Amino acid sequence: MSHTTDDRARLGLRESATFDRQTIAAIHRAAETGIYDIRGWGAKRALPHFDDLLFLGASMSRYPLEGYRERCDTDVVLGDRHAKHPLHLDIPVTIAGMSFGALSGPAKEALGRGASEVGTSTTTGDGGMTPEERGQSKYLVYQYLPSRYGMNPDDLRKADAIEVVLGQGAKPGGGGMLLGQKISPRVAGMRTLPEGIDQRSACRHPDWTGPDDLTIKINELREITDWEKPIYVKVGATRTYYDVKLAVHAGADVVVVDGMQGGTAATQEVFIEHVGIPTLAAVPEAVRALQELDVHRDVQLIVSGGIRTGADVAKAIALGADAVAIGTAALIALGDNHPRHESEYRKLSSAAGFFDDFQDGTDPAGISTQDPELAARFDPLEGGRRLANYLRVLTMEAQTIARACGKGHVLHLEPEDLVAVTIEAAAMARVPLAGTDWIPGRT
Amino acid sequence: MEQVRAFDLRAIPLRDVNSALHAPDLSGEFVISHPDGAHSVAVGMDAAVKVTVDGHVGYYAAGMNQQAEIVINGNAGTGVAENMMSGSVWVKGDASQSAGASAHGGVLVVEGNAAARCGISMKGIDIVIGGNVGHMSAFMAQAGRLVIRGDAGEALGDSIYEARIYVRGEVASLGADCIAKEMTREHHQELEHLLKAAGFEGDDTSTYTRYGSARSLYHFHVDNAGSY
């Protein structure tokens, strides 16, 4: 019989803060298997985040906008620095790169449907572009990854933008992996790999290293696509200030910064939880780099990693982002971790709200799987509707906050509208601790 | 007979040259002179035409080629014919690193030597190198054939998947999971065909060794931890 918290307190049982039950379970698991734990999702540890910031709504010194009468626009233009055809999105929330392979075909289709319904973009992932995804996506960003799985110039030309991926927040400095359970015949064919193997993706591009080479590579991509497509550069958040500066120098039209809360389909737990910096810490670093180069708002900044609510969207923008990208939240909107699958999650030794074994391909929701029976459970039309609804809510929430701060466009939000409720967040976000004019390290 | 169209890169911007080579319904033959080490020469071709580049080129020459027959009368910089899908690229001189990187199809011939990472991540291309290749060649090579008439540098075929490598000379060392394999009649015929297509038909195929994947690292397993 298990003890309740009260029982433990009465018996004087004390759990170690250092060796808590999760740590003990991890040590037992390592001792039994001899190999590190691989899982999906992003960092699960508590981190300073957008929740630690608050908006200063208008009152005497600022003039708010009428919530249901006065316009608060949300459109954003991405990639107008060099490209002939920049993206004109209706909302500043985009869908992050997630691969067909990691996700089922119907799930990718739903991401395209949902994004298109509200006038925003979705993104391919490792393994290339599927016709279903292209067909259902009004704006599709094509990821150009180190593995080059499925990479071909025809798809490059079909894309609306190209994202050169250097890393992602869940595993900056790491390559990808897709375990054999998910290397179906179609996935294997797209990636030119044997079926059923545990696939590795390289962590470095095969034909360039360093920022000088990247300049030449970006120029090649522009030449191949006749300077039509915006070129994004995506980095996992680490040395963000330097990475963003180098990306701009290399010619990026858009820089994507993915914090450590950003998701993954399969990565070592130790990597997810111990490499990279929080999204909150990365945004001001990226903005500082852009401002010093005098390209803030000319080279757009997309921020991802733990965006959940319209408040997160508004806070990222207020700190200087032009748009955000969502991955994990989009999957949840599709139905991932929904309580209706509780009994099946339990069969997998997990539970609704905890399921992160995306690498296994056993997802009861039919999202992170290549099993035809599981994938068939997922309705891309319903998934697309759910995602579109969620994106609308994020947008309306961000507008609500922007109006309260007196802004006629969400992009008019600024750091001056924010305060922090913790010293850590104040230092990272470079906004004052609430009720003070103190910015740690600055004032 | 169709006219040969000439582009002088000292007189015409590269953008204009590549744009002209991307014209719909392109046909005929083209000569690009004075490349002077320019990057991205004749990239993104998608037409069954012949392009001759007279001189040395920089990075990514003939990158992502489809259908075109491209001859480089000189040396090529990093990533020549990277991600080629079809057609052919023929380098009369030497090639720098990452020649034929991640290419899915077509034929790349380098008459001289190729530097490090030749055929890295190759996905179906056939590459024939007249001389030697540098270290880490055919790293994570997935499909296609790499023929090396000279020597190979260290860590040849590291983490190779299903590509085939034929080497006539010495191999400094093999990478993880890459092993020498038997040359069957099929392999001799395949090699003979590849050499002939590249203009090296006099080679005795029995002097070559075939290398490929031991397939022991195809699944993550604790016993393999020391191999990665």
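Here the structure is a predicted model, which means the values were calculated and not measured. Sequence order as written defines the numbering, with residues in each chain counted from 1. Following the order in which they are written, the chains are lettered starting with A and the ligands numbered starting with 1. Side-chain atom pairs in this predicted model are given and counted only at pLDDT of 80 or more, local residue features only at pLDDT of at least 70, and totals for whole chains, interfaces and linings cover all residues.

Let us now look at the overall build of chain B. For helices the rule is a DSSP run of H or I covering at least 4 residues; for strands it is a run of E covering at least 2, with both sets numbered from the N terminus onward. Along the backbone of chain B there are 2 helices and 11 strands. Tracing chain B from N to C terminus, the helices and strands come up as β-α-β-β-β-β-β-β-β-β-β-α-β. Residue burial is a threshold on neighbouring C-beta atoms within 10 Å of the residue's own C-beta, all placed from the backbone, with 20 or more meaning buried, 12 or fewer meaning exposed, and counts in between meaning partly exposed. Within chain B, the fraction of its 228 residues that count as buried is 53%. Of all intrachain contacts in chain B linking residues separated by at least 6 positions in sequence, the fraction that spans at least 24 positions is 22%. Two residues form a contact once the distance between their C-beta atoms, set from the backbone, is within 7 Å.

This part is about unusual backbone geometry. All names here are of chain B. Non-glycine residue Asp25 carries a positive phi angle of around 55°. If you trace the backbone, Asp25 turns up in the loop between helix 1 (14-21) and strand 2 (29-33). Despite not being glycine, Ser102 shows a phi value in the positive range, around 55°. As for its position among the elements, Ser102 is in the loop between strand 5 (88-91) and strand 6 (107-110).

Residue and element names in this part refer to chain A. Two strands form a pair only when DSSP identifies at least two bridges running between them. If you walk across this open sheet you meet the 8 strands as 5-15-14-12-11-8-7-6, and the pairing is parallel. In the strand order of this sheet, the two ends are held by strand 5 (93-95) and strand 6 (121-123), each with one partner. Looking at each pair of strands side by side, their axes are set apart by 30° on average, direction ignored. With 5 bridges joining them, strand 12 (residues 254-258) and strand 14 (residues 300-304) adopt parallel strand pairing. The partner of Val256 across the bridge, within strand 14, is Ile302. Running over the sheet, helix 7 (residues 210-224) touches strand 7 (139-144), strand 8 (161-165) and strand 11 (231-236) and is turned about 145° from strand 11. Only the stretch in contact is used when a helix axis is fitted, and all axes are lines through C-alpha atoms; the angle between N-to-C directions ranges over 0 to 180 degrees. On top of the sheet, helix 8 (residues 240-249) reaches strand 11 and strand 12; it is set at about 155° to strand 12, its chief contact.

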